[in-house]
Structure formats: C-alpha cells, structure tokens
Amino acid sequence: FNHCENLKVVYMGKYVQYVLPYTFPINNPPVRVIIDKANQQLFSQDGIICTHDGVAICSTVKPRNLVIPEGVKIIGPLTFNGNDRLVEVKFPSTLKVIEDNGLSQCENLKQIILPEGFEYIDVQALMDNINLNLVDLPSTIVSLGYEALRGCNNLRALIIRSKRLLELKLRLNERFEFSSKCELYVPESLVTAYREHLVWGKFKSINPLKKLKDGIK
C-alpha cells in the first residue's frame, strides 16, 4: 500500500495468514485495519497487527505513545522501525524477544525499560535510536545481539539486572559501540567480572545497581 495517501480502511478476510512489516509504510497516514473475526492467524489492536501466537508483525499507525498489547511475546523484524514520532513505549509483561530492527531508527525514543521475563534483543534491534538515553534490562535477559545498540550515541545509562554476565554477541572484527558518557549498572556481585571482561570492560564507569540515581531507576 505504498503511496496510498487517501487509503482509510483495509479489510482482511479470514484466510489472510501473514502481513509483511512494510505493508503499511510508516510515512503514510494511519490506516484502520479490520480483520475478520473468523481469522485464526491474525488480529489487530490499536493499529498493531499481531498473530494469535503472540508476534507483533506490522504497525498501521505512527503513535507518540505506543502500548503493545498484552499477550505479545515477540516484536517481529522491522515492526516499529522508523517511527520518528515515537517517544514512549509500554511493553507487555508477556514480551520475550525483540527481533531484527524491531524497534530501531525511532529517533525521538528516550527510554526502553523491558519487563521481567524478557530474554533476547536480536541483531540491530534497537539500532540508531539516536536520542535514547536509558536502556533497562531485566534479571531474565539472556543475550544482546549483534549491533543491537549501534548508533545509540546519546545513551547515558545501560542497566543490566541479570545475575549472570550478559552474553554479548559480536561479529568478527565488530566493535561494540556506545557513548563515552554511558554508565553501566550491574549487580554488585558481577562488577569485577564486567570490569575484567574484554568488551564490557571498555565502559569507563561500571557501577553496582545500588548506585543507580533516582532519576534513572
């Protein structure tokens, strides 16, 4: 539906099984999508098209404040990529994974606070969120994918609550890029392990969680 500036409503019948993330380009006006109630694969809520097994796959709107529906387990590739109006995201308690570029290039997004139970940030998932200043990862986080925070040059605080050293996936010869002003906060028992780590140790400031400032808790 690229360049369909006057498109207002799209009806999807019960046999539609999948929608690509760029079906409704982010620069188009919002479109109301009606999905047949008999459709066993897809549903739409607040402009987000999801699968019934819990994958957010497409957005038909460009909100400033995004509320992802409860029951969503995965933000699919490119689902919310490029929303330059987005300022705030409320994640569901059910969320487990943000896939490839699922929430990247949202230039006005300020904070990402992921819920307990969340596990994986995939390749480039949060890339080029140029005004992002806080990322808070829960105790259940398992790994941070390739270039997941690349281009987040205004990041001031990365909080890792896992009681295990977080797995950091890097490609061969890839540099882990982060702002020189970014502070890393981890459980007190892991401060030494992070400081001695080949990559995590490049952070100039690695602090125990108890030293979190009130404004970024």
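Refer to the structure printed above.
This structure is a prediction, so every number in the text was calculated from the model and none was measured.

Draft legend 1. Up close: the sheet that holds strand S16 (residues 183-186). Strand order in the open sheet made by the five strands is S10-S12-S14-S16-S17, with parallel pairing throughout. Edge positions in the sheet fall to strand S10 (111-113) and strand S17 (205-208), since each has one partner strand and no second. This sheet shows a mean twist of 15 degrees between the axes of neighbouring strands, independent of strand direction.

Draft legend 2. Highlighting a nonpolar patch on the surface. Taken together, the side chains of Val 9, Tyr 11 and Ile 34 present a nonpolar region at the surface, about 270 Å² in accessible area. With respect to the secondary-structure elements, Ile 34 resides in strand S2 (residues 32-35).

Draft legend 3. Spatial organisation of the nonpolar core. With 45 residues, the main nonpolar core has Phe 91, Ile 98, Leu 103, Ile 121, Leu 158, Ile 160 and Trp 200 as its most contacted residues. Going through the elements one at a time, strand S4 (48-51), strand S12 (134-137), strand S14 (157-160), S16 and helix H1 (191-196) are the ones with two or more residues in this core. In this structure, Ile 121 is in contact with Ile 98, Leu 114, Leu 126, Leu 137, Ile 141, Ser 143, Leu 144, Gly 145 and Ala 148, ignoring residues within four places of it in sequence. In this structure, Phe 24, Ile 49, Val 55 and Cys 58 belong to the second largest nonpolar core, which totals twelve residues.

Draft legend 4. Main features of the packing of aromatic side chains. Throughout the structure, instances matching the rule amount to three aromatic pairs. When the ring of Phe 1 is compared with that of Phe 24, the centres are 5.2 Å apart and the planes differ by 15 degrees; the resulting orientation is stacked. Placement of Phe 1 in the segment before strand S1 (9-12) and of Phe 24 in the loop between S1 and S2 is noted, with a sequence separation of 23 residues between them. Residue Phe 24 is classed as buried on the basis of its relative accessible area of 5%. Between Tyr 194 and Trp 200, the aromatic rings sit 5.5 Å apart at their centres with planes inclined by 65 degrees, giving edge-to-face as the arrangement.

Draft legend 5. A look at the state of the cysteines. The tally for this structure, following the rule as stated, stands at zero disulfides. Here Cys 4 is not cross-linked by a disulfide; its sulfur's nearest cysteine counterpart is in Cys 58, at 13 Å. Look at Cys 4 and you get partly exposed, because its relative accessible area is 29%. Counting only cysteine sulfurs, Cys 152 is the nearest neighbor of Cys 106, a cysteine outside any disulfide, at a range of 10 Å. For Cys 106, a relative accessible area of 0% corresponds to the buried category.

Draft legend 6. Structural view of the sheet that holds strand S3 (residues 42-45). Pairing is mixed in the open sheet, where eight strands are placed in the order S3-S4-S5-S7-S9-S11-S13-S15. The strands lining the two open edges of the sheet, one partner per strand, are S3 and strand S15 (167-168). Note that strand S11 (residues 120-121) and strand S13 (residues 143-144) share two bridges and pair parallel. Opposite Tyr 120, over in S13, you have Ser 143 as the bridge partner.

Draft legend 7. Focus on the environment of Gln 105. Within the secondary structure, Gln 105 is located in the loop between strand S9 (97-98) and S10. The exposure class of Gln 105 is partly exposed, given its relative accessible area of 37%. Through-space distance from the C-alpha of Gln 105 to that of Leu 7 is 25 Å; in sequence the pair is 98 residues apart. If we skip the residues at most four places from it in the chain, Gln 105 touches Asn 81, Gly 82, Asn 83, Met 127, Asp 128 and Asn 129.

What counts as what
- Residue positions are counted from 1 within each chain, in the order its sequence is given.
- Reporting of local features is limited, given that this is a predicted model, to residues whose pLDDT is at least 70; pairs of side-chain atoms are given and counted only at 80 or more, and all residues count toward the totals for whole chains, interfaces and linings.
- For side-chain calculations, the full set of non-hydrogen atoms in the structure is used, while hydrogens and water are omitted.
- Pairs of strands are assigned from DSSP output, requiring at least two bridges between the strands.
- Helical segments are the DSSP runs of H or I of at least four residues, strand segments are the runs of E of at least two, and each set is numbered from the N terminus.
- For helices, the fitted axis covers only the stretch in contact; all axes are lines through C-alpha atoms, and the angles between them, taken along N-to-C directions, range from 0 to 180 degrees.
- Patch criteria: residues need more than 30% relative accessible area and no salt bridge. Like-charged residues are merged within 9 Å; nonpolar side chains of Val, Leu, Ile, Met, Phe, Trp and Tyr are merged within 5 Å.
- For accessible areas, the Shrake-Rupley method is used with a probe of radius 1.4 Å. Any residue's cover is judged against the shown protein chains and nothing else.
- By convention in these notes, a salt bridge is any Lys or Arg side-chain nitrogen within 4 Å of a carboxyl oxygen on Asp or Glu.
- Note on terminology: a nonpolar core comprises buried Ala, Val, Leu, Ile, Met, Phe, Trp, Tyr and Cys residues joined through side-chain atoms within 4.5 Å.
- The rule is simple: take the accessible area with a 1.4 Å probe, protein chains only, and divide by the maximum for that residue type; under 20% is buried, over 50% is exposed, in between is partly exposed.
- The contact criterion used throughout is that any non-hydrogen atoms of two residues lie within 4.5 Å.
- Centre distance within 6.5 Å is the pairing criterion for rings of Phe, Tyr and Trp, where only the six-membered ring of Trp is used; planes under 30 degrees apart are then read as stacked, over 60 as edge-to-face, and the remainder as tilted.
- Any two cysteine sulfur atoms within 2.5 Å of one another count as a disulfide.

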